[in-house]
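# Reading the structure
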Amino acid sequence: MKGDTQMKAEELKKEILEKTAEYCRLVHPPERAGDFKPGETKVNYAGRVFDEREMVNLVDSSLEFWLTYGRWSRKFEKGLAEYLGVRKALFVNSGSSANLLAFMTLTSPLLGDRRVKRGDEVITVAAGFPTTVAPVVQHGAVPVFVDMDLATANVDVTKLDAALSARTKAVVLAHTLGNPFDLKTVKAFCEKHGLWLVEDNCDALGSRFAGRYTGTWGDIGTSSFYPPHHMTTGEGGAVYTDDPLLGRIALSIRDWGRDCWCESGRDNTCGCRFTKQFGRLPAGYDHKYVYSHFGYNLKATDMQAAVGCAQLEKFPGFVMKRKANFERLYAGLKDVESLRLFSKLPEADPSWFGFLMTVKPGAGFTRNDLAKHLESRFIQTRNLFAGNILRHPCFDSLVEGVDYRVAGDLANTDVIMNSSLWIGLYPGMGDERLDYMIEAVRRFCGK
Ligand SMILES: Cc1ncc(COP(=O)(O)O)c(C=O)c1O
């Protein structure tokens, strides 16, 4: 674009972006005191928190019409990696894709004997989100399930040794609803036995353990940016690692399995596009079309990344609000004897995703009774995702001892499946909603 056209385009763009901001302020205003009507307004378990900056970025990127991976994606990946203090973050199209990519990275032949092969074992838990475990099964590796600790609703680390076998190659675990699992113990276990550690950090972005961000303790961490999560890009997720080889493999598998690392629209970044010998290909075969893995295309769009850039700037504020909301709920409910509330480990500093409550035996009511009551009062509730994934129809065709193993029993996992639920504390939730939830739970529990 030259001269007059460029000036006109810039003028128009300015006008469009100003109008966009005005539109956003009009149609999506921040909540005002008094907007919440107890017993009438729904209290959602999660929600997007955004303003005109997200919408302006979104429209800005759409005017560029690059659509695929581009400058916003680069900026977002760089910002996320800097926030976490790791070398590499890769933006992908969902948290489930991030888990798939993280796991498949560990199957790369470039990892030699440490690669996870079909039939190798991966230690994990059964109470959580299905796509933490799905890639293991999809690859033909064998998930080995250990039980949960009821206080933290995380892996019971005392069960790890019993789950180990000569075929164990990795540990894949999520930080439940933002509550960091015992990373020191799990990491030491992995180091002692030469195992990979993947942290599903989809519900825990911003959490720390012993001062260091969750998702950065293991070899690879994953995030989800689906709207209920700690920040959103609509659909979206990320894989992050501090290990340059794992980063290179993940990039290859994200982008069709190719060997080349040129961004969309760029050529010959490596400077040896037509001069190398790969596999049994003719010498000088175009590097752009050389495949070192059986990959996918898991990229997200630049428009999603543009929204992410605005969210990332606000992110530390989101984490603070989540913590404050948790504290308010905890203070309001800690004396309810019929409920077990979430507890955290001394070194954990959670960026909470939700507020988990487990109905104790002898409470005189069930989890579903409590859920139905809260829902009838317009308070949204959620179970801890799958509860016990082994009890779902997707396991019907799998054979225990062949396709998966259970180390010990899953008694606490079943308690979580039967007796736990959680309510929200997202940053957009004001004190009126939190207090309304506290009162509703207390009343139901006879307090
Ligand atoms: C722990 C965990 N892992 C993975 C995912 C999947 O993320 P997505 O919905 O972006 O695929 C979720 C989704 O809520 C989750 O809670």
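Reading guide: rules and limits
- Residues numbered from 1 in each chain as written.
- Predicted model: local features only at pLDDT ≥ 70, side-chain atom pairs only at ≥ 80, totals over all residues.
- Heavy atoms only, no water.
- Helix = DSSP H or I, 4+ residues; strand = E, 2+ residues; numbered from the N terminus.
- Buried < 20%, exposed > 50% of the residue type's maximum accessible area, 1.4 Å probe, protein only.
- Polar contact = N/O pair within 3.5 Å; in protein donor to acceptor, adjacent residues only side chain to side chain.
- Contact = heavy atoms within 4.5 Å.
- Pairing = 2+ DSSP bridges.
- Domains from an automatic or database assignment.
- Buried area = accessible area lost by both parts, 1.4 Å probe.
- Salt bridge = Lys/Arg side-chain N within 4 Å of Asp/Glu carboxyl O.
- Axes fitted to C-alpha atoms, helices over the stretch in contact; angles between N-to-C directions.

### Side note on the side chain of Glu54
Residue placement: Glu54 occurs in helix α2 (residues 52-64). In this structure Glu54 comes out as buried when scored by relative accessible area, which is 3%. A polar atom in the side chain of Glu54 sits 2.6 Å from the side chain of Lys314. Beyond its immediate sequence surroundings of up to four residues, Glu54 is in contact with Val49, Val307, Ala310, Gln311 and Lys314.

### Some points on the pairing of strand β1 (residues 88-92)
The element β1 is largely enclosed, with a buried count of four among its five residues. Where β1 meets strand β11 (residues 237-241), five bridges bridge the pair, whose relative direction is antiparallel. Within β11, the residue paired with Lys88 across the bridge is Thr241.

### Thoughts on the domain arrangement of the chain
You can read the domains of the chain as domain 1 (62-304) and domain 2 (315-444). Contacts between the two partners involve 45 residues from domain 1 and, on the opposite side, 42 residues from domain 2. Contact between domain 1 and domain 2 buries roughly 3,600 Å² in total, counting both sides, with carbon and sulfur atoms accounting for 64%. Of all residues in domain 1, Phe145, Leu150 and Leu177 give up the largest surface area on contact with domain 2, accounting jointly for 21% of the area buried on that side. At the junction of domain 1 and domain 2, the tally comes to two salt bridges. Between Lys184 and Glu347 there is a salt bridge, with the nearest N and O atoms lying 2.7 Å from each other. Our count for the contact surface shared by domain 1 and domain 2 stands at 20 residue pairs in polar contact (both at pLDDT 80 or more). Those elements giving two or more residues to the side of domain 1 that touches domain 2 turn out to be α5 (130-139), β3 (142-146), β4 (148-149), α6 (160-163) and β8 (208-209).

### A closer look at the environment of Glu11
Mapped onto the elements, Glu11 comes out in helix α1 (residues 3-27). In this structure Glu11 comes out as exposed when scored by relative accessible area, which is 51%. Residues Glu11 and Tyr436, spaced 425 residues apart in sequence, show a C-alpha to C-alpha distance of 48 Å.

### Description of the sheet that holds strand β6 (residues 168-174)
The eight strands are arranged β1-β11-β10-β7-β6-β2-β3-β15 in an open sheet whose pairing can be described as mixed. Looking at strand neighbours, the two that pair on one side only are β1 and β15 (405-406), the edges of this open sheet. Sheet topology note: the strand β2 (residues 121-125)/β6 ladder contains three bridges and is parallel. Looking at the pairing, Val122 lines up with Ala170 of β6. The sheet strands contacting helix α7 (residues 183-193) are β2, β6 and β7 (196-200), and the helix crosses β7 at an angle near 150°.

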